[in-house]
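So the chains spell out like this:
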Amino acid sequence: MADIDYIEHEGFVEEVNPQHVKVRIVNESACASCHAKGSCTAADLQDKLIDVYQFESDLHVGQKVMLLGKKSLAPKAVLLAYIYPIILILAALISTFYLTNNELLAAGLALAILVPYYAIIYANKNKLKRTFSFTIKHQIN
C-alpha cells in the first residue's frame, strides 16, 4: 500500500531516453473500476503518457512499473490551473467594468488577461514538468 503522502499508478514503459522515461498509465474513472463497469462508456478509460525524470537505468520498453506522485503537489496544481485564472478573470472583469462601465470591454479584457497568464505558464513549462513529476517506485514482475 502507498504511503499517505503519495499517489500510486501502475504503468508500462513506452520509451527510454537518457533524460527521461515515458510511462503509459491507464486513467480510470471511479465507475470504471467498479463491478458495474460493463455499463459504463469507454470514455471512462484513458491512456496517458507520463514523463519520469528520476528513474533507474535498467528499465526497458514494455516493462511494468509503479509510479509515485506527491499528493502535496495537488493544491499547487489546482491553484495554477483553476484558482489563479478565475481570480484574474474576476479582477479584470470587475475593475474594467468599474472604470469604464462597458460590459463588452470588461468581458473582452477579462478573457484577454488569460493570454499572458498562460504564456507565462508555457514559458515555465520545463520547470513545472520537473516540479509536477512522478518517480518510479519499483518494477513489477
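The coordinates are above.
Residues numbered from 1 in each chain as written. Predicted model: local features only at pLDDT ≥ 70, side-chain atom pairs only at ≥ 80, totals over all residues. Heavy atoms only, no water.

Novice: How should the overall build of the protein be read in this particular structure?
Specialist: Regarding its fold elements, the protein presents four helices and five strands. By sequence separation, contacts in the protein at least 24 residues apart represent 69% of the contacts at least 6 residues apart. Carbon together with sulfur atoms contributes 62% to the accessible area of the protein, which is approximately 9900 Å² in total. (Helix = DSSP H or I, 4+ residues; strand = E, 2+ residues; numbered from the N terminus. Contact = heavy atoms within 4.5 Å. Areas by Shrake-Rupley, 256 points an atom, 1.4 Å probe, with all protein chains shown as cover.)

Novice: What exactly am I supposed to notice about the packing of aromatic side chains here?
Specialist: Given two aromatic rings, one states the distance between the centres and the angle between the planes to describe the pair. Inspection of the entire model under this criterion finds one aromatic pair. On the basis of an interplanar angle of 75° and a centroid distance of 5.1 Å, the ring pair of Y117 and Y118 is categorised as edge-to-face. Residue classification places Y118 among the partly exposed positions, given a relative accessible area of 41%. (Phe/Tyr/Trp six-rings, centres within 6.5 Å; stacked < 30°, edge-to-face > 60°. Buried < 20%, exposed > 50% of the residue type's maximum accessible area, 1.4 Å probe, protein only.)

Novice: Just to check I follow, could you spell out the packing of helix α1 (residues 74-100) against helix α3 (residues 114-123) for this structure?
Specialist: Packed helices, taken two at a time, are described by the angle their axes make and the gap between the axes. Two elements in contact, α1 and α3, have axes whose closest approach is 10 Å; the angle formed by their N-to-C orientations is 155°. Relative to α3, α1 is oriented roughly antiparallel. Read as a crossing pair, α1 and α3 show a hand that is right-handed. Where α1 abuts α3, its residues L79, L80, A81, Y84, P85, L88 and I89 lie against L114, Y117, Y118 and I121. In terms of residue class, the contact of α1 with α3 is made up of eleven nonpolar, no polar and no charged. (Axes fitted to C-alpha atoms, helices over the stretch in contact; angles between N-to-C directions. Parallel < 35°, antiparallel > 145°, perpendicular 65-115°, else oblique. Left-handed = near helix turned anticlockwise from the far one by under 90°. Nonpolar A, V, L, I, M, F, W, Y, C, P; charged D, E, K, R; others polar.)

Novice: What should I look at first to understand the side chain of T96 in this one?
Specialist: For T96, the position within the fold is in helix α1. Exposure remark for T96: the relative accessible area of 10% places this residue in the buried category. Within the structure, the side chain of T96 is placed 2.7 Å from the backbone oxygen of A92, a separation counted as a polar contact. (Polar contact = N/O pair within 3.5 Å; in protein donor to acceptor, adjacent residues only side chain to side chain.)

Novice: Could you clarify how one ought to interpret the nonpolar core in this entry?
Specialist: Nonpolar side chains in soluble globular proteins generally cluster together in the buried interior. Core analysis: the biggest nonpolar cluster contains eleven residues, these being V13, V21, V23, I25, I50, V52, L59, V65, L67, F134 and I136. Among the elements that make up this core, the one with the highest residue count is strand β2 (residues 21-28) (three residues). Beyond its immediate stretch of four places on either side in the chain, V13 contacts V21, K22, V23, H60, V61, G62, Q63 and V65. (Core = buried A, V, L, I, M, F, W, Y, C linked by side-chain atoms within 4.5 Å.)

Novice: Explain unusual backbone geometry here, please?
Specialist: Most of the time, phi is negative for any residue but glycine, and the peptide bond is trans. Although it is not a glycine, N101 sits at a positive phi angle of roughly 60°. Inspection of the secondary structure assignment puts N101 in the loop between α1 and α2 (103-112). What makes N101 exposed here is its relative accessible area of 59%.

Novice: For this particular structure, what's the right way to read the packing of α2 against α3?
Specialist: At a closest axis distance of 5 Å, the pairing of α2 and α3 adopts a crossing angle of 0°. Regarding the angle of α2 to α3, the classification is roughly parallel. Seen from α2, the contacting residues are A110, L111 and A112; seen from α3, they are L114, V115 and P116. Residues that form the contact of α2 with α3 fall into these classes: six nonpolar, no polar and no charged.

Novice: Would you mind going over the pairing of strand β4 (residues 64-70) with me for this structure?
Specialist: The two faces of the sheet receive side chains in turn, since in a regular strand these alternate between them. Judged by how many residues are buried, β4 sits mostly within the fold: five of seven residues are covered. By the bridge criterion, seven bridges tie strand β1 (residues 6-16) to β4 in an arrangement that is antiparallel. Within β4, the residue paired with E8 across the bridge is L68. The pairing of β4 with strand β5 (residues 134-140) spans five bridges and is classified as antiparallel. (Pairing = 2+ DSSP bridges.)

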